[in-house]
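Observations on the three-dimensional arrangement
Here are the chains, one letter per residue:
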Amino acid sequence: ATSAVQNGVLPYCETTRKGLPFALLDPPAGLTCAQMRTYVSTTAALEESSEIAAIYYPRILVDNPNTALFGNSATIVAPVSGAIAGLCARLDASKPGGSAEHPASIELGTLRSARGIESTSDVKDEVKRGLLFDTMVNPIMVGNGVYVDGARCLKSSGQFPTVGESRFILFLQQSYIPLVDPKRNRNNRPRLRNEVKMSYEEFLRTLTKAECFASNVDALAWRFDIGEALNTASDQVAR
C-alpha cells in the first residue's frame, strides 16, 4: 500500500493486461480519514485515475492465524483487499453475472473474515466518512457485522464509475473470449458470424433473466452486433 506500487498496478491492469483485471487497492496502515483523503488525492494522486480500480479504508481486524509469529492477541490488523476479493468471488458465484452486483451494503457487502476495523480509524464519524467517499474511497463500516459501505471506482467520470458496473463489463469481455476463440482462423462468412451471434445472445439472455441489466427486457437491456457494417469486404479478406 504505497504510492509507487499502486501507481504501478494501475497501468499494469489497464495497459499490460489490456484492461482485463480489476485492481483492489489497500490503504496504508494507521491513517485517519483526513490522512487517507490526502493520500488518495495528493500523495498517491489516485483520485480520478482509473475506472478498473477501487480503494478501500480502513484496514480490518482478522483472527490471529499464528500466535508464535503475531503475538497472543486474538486478532491482528490486516489489509482489506483479500477480504474484498473473497466478497467479489462470493458474489460472482451467487448467480450468472453475479459480478454486476456491487460488493457493498449491509446485505451483500459483509466481510465474513473481518472481526472489526483498525483502531486508529475515525471512519464511524458520518461527516468524515462522507468526505472520504467524495474522494473515491470506499469506507469499511462496523454495524451489523463489518461491511463495505461504498462501491466507487477511482474514476467518477468514466463510462463505468462503480465497482459493479466496471467488473460486470470485464466479465462480459472475458466471457466473450471463449465463445469466439474456437472460431479463430475460420473464414469470415455470414454463417460463422451468425453462429457467434447466436451463442453470445443466448448467453446475454441468461444475464437478463438474472437481472444483471437495467432492464429485464432483452431488446432494451443489450445489443450485440457483428454484422456487415463491422465486417467490411476488406476486413473479411484480411481475416
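The present account deals with the structure reproduced in this document. (Residues numbered from 1 in each chain as written. Predicted model: local features only at pLDDT ≥ 70, side-chain atom pairs only at ≥ 80, totals over all residues. Heavy atoms only, no water.)

1. Some words on the environment of Gln159
Within the fold, Gln159 resides in the loop between β7 (145-148) and α6 (163-180). In sequence terms Gln159 and Ile226 are 67 residues apart; their C-alpha atoms lie 22 Å from each other. The residues touching Gln159, leaving out its near neighbours within four places in the chain, are Glu51 and Glu165. (Helix = DSSP H or I, 4+ residues; strand = E, 2+ residues; numbered from the N terminus. Contact = heavy atoms within 4.5 Å.)

2. Some words on the environment of Val77
If you trace the backbone, Val77 turns up in strand β4 (residues 75-78). Accessibility expressed as a relative area gives 42% for Val77, which makes it partly exposed. Contact partners of Val77, with chain neighbours within four places excluded, come to Arg59, Ile60, Leu61 and Glu118. (Buried < 20%, exposed > 50% of the residue type's maximum accessible area, 1.4 Å probe, protein only.)

3. Topic: the pattern of salt bridges
On inspection of all chains with the given rule, the structure shows twelve salt bridges. For Glu201, the salt bridge is made with Lys197, and the minimal N-O distance between the two is 2.7 Å. Here Glu201 and its partner Lys197 are both found in helix α7 (residues 190-209), four residues apart, which amounts to about one turn of the helix. Through salt bridges with shared partners, a single network forms among Lys183, Arg186, Arg191 and Glu195. (Salt bridge = Lys/Arg side-chain N within 4 Å of Asp/Glu carboxyl O.)

4. Here we look at the nonpolar core
In terms of nonpolar packing, the biggest core is built from 46 residues, with Met36, Leu46, Ile55, Leu111 and Ile140 touching the most fellow members. Residues in contact with Leu111, not counting those within four places in the same chain, are Ile60, Val80, Ala83, Ile84, Leu87, Ile140, Val146, Tyr147 and Val148. Residues Phe168, Val196, Ala221 and Ile226 belong to the second largest nonpolar core, which totals 15 residues. (Core = buried A, V, L, I, M, F, W, Y, C linked by side-chain atoms within 4.5 Å.)

5. Comments concerning unusual backbone geometry
Cis geometry marks the peptide bond from Tyr57 to Pro58; its omega dihedral reads 0°. With respect to the helices and strands, the residue Pro58 is situated in the loop between β2 (53-57) and β3 (60-63). One non-glycine residue, Lys18, adopts positive backbone phi at about 55°. Position of Lys18 among the secondary structure elements: in the loop between α1 (3-16) and β1 (23-25). One non-glycine residue, Glu48, lies in the positive phi region at around 65°. For Glu48, the location among the structural elements is in the loop between α2 (33-43) and β2.

6. Focus on the sheet that holds β1
Pairing is mixed across the open sheet formed by four strands, whose spatial order is β1-β2-β6-β7. For this open sheet the edge positions go to β1 and β7, each flanked by a neighbour on one side alone. In this sheet, adjacent strand axes meet at a mean angle of 25° when their direction is disregarded. Sheet analysis places β2 next to strand β6 (residues 137-143), joined by three bridges and oriented parallel. Note that in β6 the partner of Tyr57 across the bridge is Pro139. Its contacts with the sheet put helix α4 (residues 81-92) on β1, β2, β6 and β7, and the angle it makes with β1 is roughly 140°. (Pairing = 2+ DSSP bridges. Axes fitted to C-alpha atoms, helices over the stretch in contact; angles between N-to-C directions.)

7. Considering the sheet that holds strand β5 (residues 114-117)
The strands making up a sheet are joined through hydrogen bonds of the backbone, oriented either antiparallel or parallel. The strand order across the open sheet built from three strands is β4-β3-β5, with neighbouring strands paired in antiparallel fashion. Of all strands in the sheet, those bounded by a partner on one side alone are β4 and β5. Along the sheet, successive strands turn relative to each other by an average axial angle of 40°, direction set aside. Taken together, the three bridges between β3 and β5 define a ladder with antiparallel strand orientation. Paired with Val62 across the strands is Ala114, a residue of β5.

8. Comments concerning the layout of surface pockets
When its volume is computed, the largest pocket comes out at roughly 450 Å³. In this structure, the largest pocket is lined by 16 residues; those nearest its centre are Tyr176, Val180, Lys183, Asn188 and Leu192. Sorting the residues of the lining of the largest pocket by element identifies α6 and α7 as the ones contributing at least two each. It is α7 that provides the largest number of residues to the lining of the largest pocket, a total of three residues. Broken down by class, the residue content of the lining of the largest pocket amounts to six nonpolar, three polar and seven charged. (1 Å grid on protein atoms, 1.4 Å probe; cavity = no way out; pocket = protein on both sides within 12 Å on 5 of 7 lines; lining within 4 Å. Points joined across faces, edges and corners; volume = space filled by probe spheres on them. Nonpolar A, V, L, I, M, F, W, Y, C, P; charged D, E, K, R; others polar.)

9. Details of α1
In a regular helix each residue adds 1.5 Å, so 14 residues correspond to 20 Å; α1 covers 19 Å between its end C-alpha atoms and thus fits that length. Of all the residues in α1, the buried ones are Gln6, Leu10 and Cys13. Buried residues of α1, viewed axially, fall in a sector of 75°; they line one side. Facing away from the buried surface of α1 by more than 90 degrees, the exposed residues are Ala4, Thr15 and Thr16. (Expected span 1.5 Å × (residues − 1). Arc of directions from axis to C-beta.)

Just distances and angles here, no functional claims.
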